[in-house]
Amino acid sequence: MTNSERRTDRRLERVILELLERRGPTATICPSDAARAVYEGDDDGWRALMEPARRAARRLVTAGAVEITQGGRPVHPADARGPIRIRRRVR
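Throughout what follows, the structure given in this document is the object of discussion. As the structure is a prediction and not an experimental result, all values here were calculated from the model.

Analysis parameters
- Residues numbered from 1 in each chain as written.
- Predicted model: local features only at pLDDT ≥ 70, side-chain atom pairs only at ≥ 80, totals over all residues.
- Heavy atoms only, no water.
- Helix = DSSP H or I, 4+ residues; strand = E, 2+ residues; numbered from the N terminus.
- Expected span 1.5 Å × (residues − 1).
- Buried < 20%, exposed > 50% of the residue type's maximum accessible area, 1.4 Å probe, protein only.
- Contact = heavy atoms within 4.5 Å.
- Phe/Tyr/Trp six-rings, centres within 6.5 Å; stacked < 30°, edge-to-face > 60°.
- Lys NZ or Arg CZ within 6 Å of the ring centre and 35° of its normal.
- Axes fitted to C-alpha atoms, helices over the stretch in contact; angles between N-to-C directions.
- Left-handed = near helix turned anticlockwise from the far one by under 90°.
- Pairing = 2+ DSSP bridges.
- Arc of directions from axis to C-beta.

## Regarding helix H3 (residues 50-62)
Taking 1.5 Å per residue as the helical rise, H3 with its 13 residues ought to reach 18 Å, and the 19 Å between its terminal C-alpha atoms agrees with that figure. Within H3, the full set of buried residues consists of Pro52, Ala53, Arg54, Ala56, Ala57 and Leu60. Where H3 is buried, its residues touch helix H1 (3-21), helix H2 (31-38), strand E2 (66-70) and strand E4 (85-88). Just past H3, the residue Gly64 takes up positive phi, approximately 85 degrees.

Have a look at this one:
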């Protein structure tokens, strides 16, 4: 992994947490929200950041900061298939 990739990964983690902080306690975001916020271009190049955004969400799950949900219910990251949402961890 390059330094640039590591910086992007960390930025995605920060952006996910910042986006969630601006919303209500049970609100969710899509990984695309983080990818779009981090991408600096005007085209659809943010799509290349979708998998890095999903990986960032998985790391934040491991850290205990967020949950990945499908159908409004938390799912283990390894079990998530298809579209996911991210929300702050419900305590």
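## Side note on the environment of Pro25
Relative to the helices and strands, Pro25 is located in the loop between H1 and strand E1 (28-29). The class of Pro25 is exposed, set by a relative accessible area of 63%. On a C-alpha basis, the gap between Pro25 and Arg87 in space is 8.1 Å, while along the polypeptide they are 62 residues apart.

## Thoughts on the packing of aromatic side chains
This structure, assessed with the given rule, holds 0 aromatic pairs. If you follow Arg36 out to its NZ or CZ, it ends over the ring of Trp46, 3.8 Å from the centre.

## Section: the packing of H2 against H3
Running from N to C, H2 and H3 point in directions that differ by 115 degrees, and their axes come no closer than 9 Å. Crossing hand, H2 versus H3: right-handed. Touching Pro31, Ser32 and Ala35 of H2 are Met50, Ala53 and Arg54, all from H3.

## Looking at the pairing of E2
Of all the 5 residues making up E2, 5 are buried; the element is thus mostly covered by neighbouring parts of the structure. Relative to strand E3 (residues 73-75), E2 runs antiparallel, the two sharing 3 bridges. Across the sheet, the residue bridging to Ile68 is Val75, located in E3.

## A short note on H1
Taking 1.5 Å of rise per residue, 19 residues should cover 27 Å, and H1 covers 27 Å from first to last C-alpha, within 8% of that figure. Within H1 the residues assigned to the buried category are Asp9, Leu12, Glu13, Val15, Ile16, Leu19 and Leu20. Buried residues in H1, looked at end-on, bunch into an arc of 165 degrees, giving them a common side. Summarising the geometry of H1, the exposed residues directed more than 90 degrees from the buried face are Arg7 and Glu21.

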